[in-house]
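A closer look at the structure
These are the residues of each chain, in order.
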Amino acid sequence: MFWELQITYFSYYFPMLVLLMPANFSEFVTLSFGEHLNSDQLVTGLGIAQMTLDCVLGSYMYGFDSVFEAYAGAIVKSPEPRKLGGLMVKVLLQGALAFAVMLGPYLNMVHVVSFFGAGNEEARNVAVLYIRLTCLVPLLFHVQDTLGKYLAVQGYTKTTLVAGFGHLLAHTLLTWLCVDCLQWGVPGIAIATMTGYLVTILGLVLFCVSQQDSLLWEKSLSSDVWRGWGEMIRLGNYSGLRVFASFSLYALSNILCQVGGPITAGSVVVLDKINILFNIFVYTGGSATALIVGNQLGEGDELGVRQAMVVGAVNWAVERLISVLCLVPSLLVRVRL
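Residues numbered from 1 in each chain as written. Predicted model: local features only at pLDDT ≥ 70, side-chain atom pairs only at ≥ 80, totals over all residues. Heavy atoms only, no water.

1. Topic: the overall build of the protein
Looking only at helices and strands, the protein has twelve helices and zero strands in total. Order of helices (α) and strands (β) in the protein, N terminus to C terminus: α-α-α-α-α-α-α-α-α-α-α-α. Counting only residues that meet the buried cut, the protein has 51% of its 337 residues in that class. Looking at the protein alone, contacts between residues at least 24 apart form 85% of all its contacts between residues at least 6 apart. (Helix = DSSP H or I, 4+ residues; strand = E, 2+ residues; numbered from the N terminus. Buried < 20%, exposed > 50% of the residue type's maximum accessible area, 1.4 Å probe, protein only. Contact = heavy atoms within 4.5 Å.)

2. Focus on the packing of helix α5 (residues 121-133) against helix α8 (residues 185-210)
Where α5 contacts α8, the axes come no closer than 9 Å and their chain directions differ by 30°. The angle between the axes of α5 and α8 places the two elements in the roughly parallel class. The way α5 lies across α8 gives a crossing that is right-handed. Residues Val 126, Leu 129, Tyr 130 and Leu 133 of α5 form the contact with α8, whose participating residues are Val 186, Pro 187, Ile 189, Ala 190, Thr 193 and Met 194. The residue inventory of the contact of α5 with α8, partitioned by class, reads nine nonpolar, one polar and no charged. (Axes fitted to C-alpha atoms, helices over the stretch in contact; angles between N-to-C directions. Parallel < 35°, antiparallel > 145°, perpendicular 65-115°, else oblique. Left-handed = near helix turned anticlockwise from the far one by under 90°. Nonpolar A, V, L, I, M, F, W, Y, C, P; charged D, E, K, R; others polar.)

3. Quick notes on a nonpolar patch on the surface
On the surface, Trp 176, Leu 177, Leu 182, Trp 184 and Ile 191 cluster together into a nonpolar patch covering about 480 Å² of accessible area. Turning to its location among the elements, Leu 177 is positioned in helix α7 (residues 157-181). (Patch = residues over 30% accessible without salt bridge, like charges linked within 9 Å, V, L, I, M, F, W, Y side chains within 5 Å. Areas by Shrake-Rupley, 256 points an atom, 1.4 Å probe, with all protein chains shown as cover. Salt bridge = Lys/Arg side-chain N within 4 Å of Asp/Glu carboxyl O.)

4. Quick look at the nonpolar core
Within the largest apolar cluster, 47 residues are counted, with the highest numbers of intra-cluster contacts made by Leu 46, Phe 68, Leu 84, Leu 87, Tyr 130 and Tyr 150. Broken down by secondary-structure element, the contributors of at least two residues to this core are α1 (2-34), α2 (40-76), α3 (84-107), α5, α6 (137-153), α7, α8 and α9 (229-258). Examining the composition of this core, we find that eleven residues originate from one element, α2, more than from any other. Sequence-distant contacts of Tyr 150, defined by excluding residues within four places in its chain, comprise Phe 68, Leu 84, Gly 85, Met 88, Cys 208, Leu 215, Leu 216 and Trp 217. Judged by nonpolar contacts, the second largest core, of nine residues, contains Leu 5, Tyr 13, Ala 288 and Ala 308. (Core = buried A, V, L, I, M, F, W, Y, C linked by side-chain atoms within 4.5 Å.)

5. Observations concerning the environment of Val 67
You can see Val 67 is positioned in helix α2. Accessibility expressed as a relative area gives 6% for Val 67, which makes it buried. Remark: the alpha-carbon pair of Val 67 and Leu 291, spanning 224 residues in sequence, is separated by 9.2 Å. Among all residues touching Val 67, those that are not within four sequence positions of it are Met 232, Leu 235 and Gly 236.

By themselves, these figures tell us nothing about what the structure is for.
Written out as structure tokens, the structure reads:
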């Protein structure tokens, strides 16, 4: 049973890994076009802002979203799979609530950003500006991610893959338009980032509307949408804090990189690339674990649930190893600079 669950784990893991890469690689595009502004301080500020976004707020929303997989895996295997649509609505609403609670502290991350940008006032100001202009990105990611998972659980992996690459393409074209053509600078990069998410979300919504007869969706949402919030929010907070704990090791690597002077444009580009890969692998592992546990819950197999949790724990240990290894390149970047 253990190895069967491990195979199932990887059958979820690799498609999700492919689905997440395009959206996360859009950060490469942001930094690449940031270099067109011909200012190391601007590139440094953008990189600091993106790492702050990922490590502080993005990580929590990543973890909170994994609640959908746990419940979705159980519902799909249950006698009432059409309740999946109601679950999606519930997760969207709860994610919006969690985002609203986190938004205030996030917008006041000026002191943390000041620490990372110590000795470089222009980079610090750029980071603070970008954080504030893109403050809705975690919420938009939550909506896009939940819609994508809702479709992927039902077998529409090609659609979500197209949506992911569509997001990357839209982000690239919009950034080129705002930065190179319109010369809007950092605000232009922020506008392109936000608009890229909105375009992708609109495309997913239109697809869901066009396929509403074949999707798992109740014609009229039941009162279940408003039930069980306490348990789901508790699990969401636990999962969110778990992912944040993982990402905090990466934040530690940034602090260690800071030793010896202010972070530079060269180091921030390298660190952000490491950060993106780290995000993808850790988040995908949590999602795959939630799905295999949810499947066993839906089938009512208590032994299977325990074994699925063991599979998740083993892969969790591998994630911790990856997070520790992520500290090494950060220190090497600082040493070589």
